[in-house]
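So you can see what is in the structure, the chains are spelled out below.
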Amino acid sequence: MGKLYVIGIGPGGLEHMTVKALKAIEESEVIVGYSKYIEFIKPLVVDKELYSTGMKGEEKRCREALAISRDKIVSIISTGDSGIYGMAGLILEMRKDEEVEVIPGVTASSAAASVVGAPLMHDNCNISLSDLMTPYEDIKNRVELAAKGDFIISLYNPKSMGRPHYLSECMDIIGKHRRGNTPVAVVKNALREGQKKTLFTIDDFDDSIVDMFSIVIVGNSKSYIKDGKFITPRGYKLEK
Ligand code: SAH
């Protein structure tokens, strides 16, 4: 009898993977995933059968993983958390009677938050700017409502070649509801090789450094920078 683990491997650096994810990968005979993500866990998969596909082969990758899991132990991997813009949902939608276990991971917003300070301390939300599955009108509407609701906003998939202007348009929408000195963090390759963090405010935000390996975190009305750290207060009354 086989089994399918749907694993979030975390942001990329091996030490940020959960022990449970590590054990499931060790136990697996077959690893399925986007080739760049398999690269991240290369030292763990040297003796495994690998099934890697290109970026847009999600459905094929899931079908294959489910089929193999009928008689082998398989892990299908996503970066970050597999249930946040990862493979977990699609696997469960496609699953018939295969045994499936979802194993969570450190998502990009948590990883990036730790790199810049503690920006997500109050109510926050994730919005993906990818329009592959969601119409841009819906994305802009969510951005507007999140901005109005004073949520701290983590923008996933903030920029790609095909939609270079979405990020600046969405930042303009947010800017209508937030003060100009609201902190904005861009973290590229959080907690993995090539990490780079940059702090801006809404007023001086420059989206030219943002790419698909970056996440953008916009603070709420209370967020501020202290000694280079991006903080959103929870609301504790500090003794002077
Ligand atoms: N399942 C993943 C998200 C996949 S969507 C997770 O939970 O993190 C892909 C987007 O996630 C990227 O375009 C980028 O915006 C963000 N991302 C993933 N890993 C990242 C990292 N280490 N540093 C910065 N952003 C990252």
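In this text, all values refer to a predicted model and were calculated from it rather than measured experimentally.

## Some details on the packing of helix α6 (residues 136-148) against helix α7 (residues 166-175)
No. 1: Contact pair α6 / α7: the axes reach a minimum separation of 9 Å and the direction vectors enclose 35 degrees. When you trace α6 past α7, the crossing you get is right-handed. Note on element contacts: α7 touches α6 through Y166, E169, C170, I173 and I174, opposite Y136, K140, V143, E144 and A147.
No. 2: Taken together, the residues that form the contact of α6 with α7 break down as 7 nonpolar, no polar and 3 charged.

## What about the domain arrangement of the protein chain?
Put simply, an interface is often sized by how much accessible area is lost when its parts join up.
No. 1: Domain annotation of the protein chain identifies domain 1 (3-106) and domain 2 (109-231).
No. 2: Counting residues at the interface gives 10 residues for domain 1 and 11 residues for domain 2.
No. 3: Carbon and sulfur atoms supply 69% of the area buried between domain 1 and domain 2, which totals about 800 Å² over both sides.
No. 4: At the junction of domain 1 with domain 2, the criterion picks out 0 salt bridges.
No. 5: Here domain 1 is connected to domain 2 by 4 residue pairs in polar contact (both at pLDDT 80 or more).

## Quick look at the sheet that holds strand β4 (residues 73-78)
Strand pairs in the sheet, formed through backbone hydrogen bonds, run parallel or antiparallel to each other.
No. 1: Pairing within the open sheet is parallel, and its 5 strands lie in the order β3-β2-β4-β1-β5. A strand with exactly one partner marks an edge of an open sheet, and here the two such strands are β3 (49-53) and β5 (100-103). Neighbouring strand axes in the sheet, compared pairwise and without regard to direction, differ in orientation by 20 degrees on average.
No. 2: For strand β1 (residues 3-8) and β4, the ladder comprises 6 bridges, and the chain directions are parallel. The residue bridging I7 from the neighbouring strand is I77, located in β4.
No. 3: Its contacts with the sheet put helix α1 (residues 19-27) on β1, β2 (30-34), β4 and β5, and the angle it makes with β1 is roughly 140 degrees.

## Side note on the packing of aromatic side chains
The description of two aromatic rings rests on the distance between their centres and on the angle between their planes.
No. 1: Overall, the coordinates contain 5 aromatic pairs when judged by the stated rule.
No. 2: On the numbers, 5.3 Å between centres and 80 degrees between planes, the contact of F200 with F205 is edge-to-face. Side by side, F200 and F205 carry an identical accessibility label, which is buried.
No. 3: Taken together, the ring pairs in this structure connect Y34, Y37 and F40 into an aromatic cluster.

## Considering the site of the ligand
No. 1: Taken together, 19 residues lie around the ligand, and D81, I84, T107, M212 and S214 are the ones closest in.
No. 2: Here an oxygen atom of the ligand sits 2.6 Å away from a polar atom, N or O, in the side chain of T107.
No. 3: Contact distances for the ligand include 2.6 Å between an oxygen atom and a backbone N or O atom of M212.
No. 4: The protein chains hide 94% of the 550 Å² of surface that the ligand would expose on its own.
No. 5: Tallied by class, residues from the shell around the ligand come to 11 nonpolar, 6 polar and 2 charged.
No. 6: Taken domain by domain, the shell around the ligand gets at least three of its residues from each of domain 1 (3-106) and domain 2 (109-231).

Rules used in this analysis
Residues numbered from 1 in each chain as written. Predicted model: local features only at pLDDT ≥ 70, side-chain atom pairs only at ≥ 80, totals over all residues. Heavy atoms only, no water. Axes fitted to C-alpha atoms, helices over the stretch in contact; angles between N-to-C directions. Helix = DSSP H or I, 4+ residues; strand = E, 2+ residues; numbered from the N terminus. Left-handed = near helix turned anticlockwise from the far one by under 90°. Contact = heavy atoms within 4.5 Å. Nonpolar A, V, L, I, M, F, W, Y, C, P; charged D, E, K, R; others polar. Domains from an automatic or database assignment. Buried area = accessible area lost by both parts, 1.4 Å probe. Salt bridge = Lys/Arg side-chain N within 4 Å of Asp/Glu carboxyl O. Polar contact = N/O pair within 3.5 Å; in protein donor to acceptor, adjacent residues only side chain to side chain. Pairing = 2+ DSSP bridges. Phe/Tyr/Trp six-rings, centres within 6.5 Å; stacked < 30°, edge-to-face > 60°. Buried < 20%, exposed > 50% of the residue type's maximum accessible area, 1.4 Å probe, protein only. Near = heavy atom within 4 Å. Areas by Shrake-Rupley, 256 points an atom, 1.4 Å probe, with all protein chains shown as cover.

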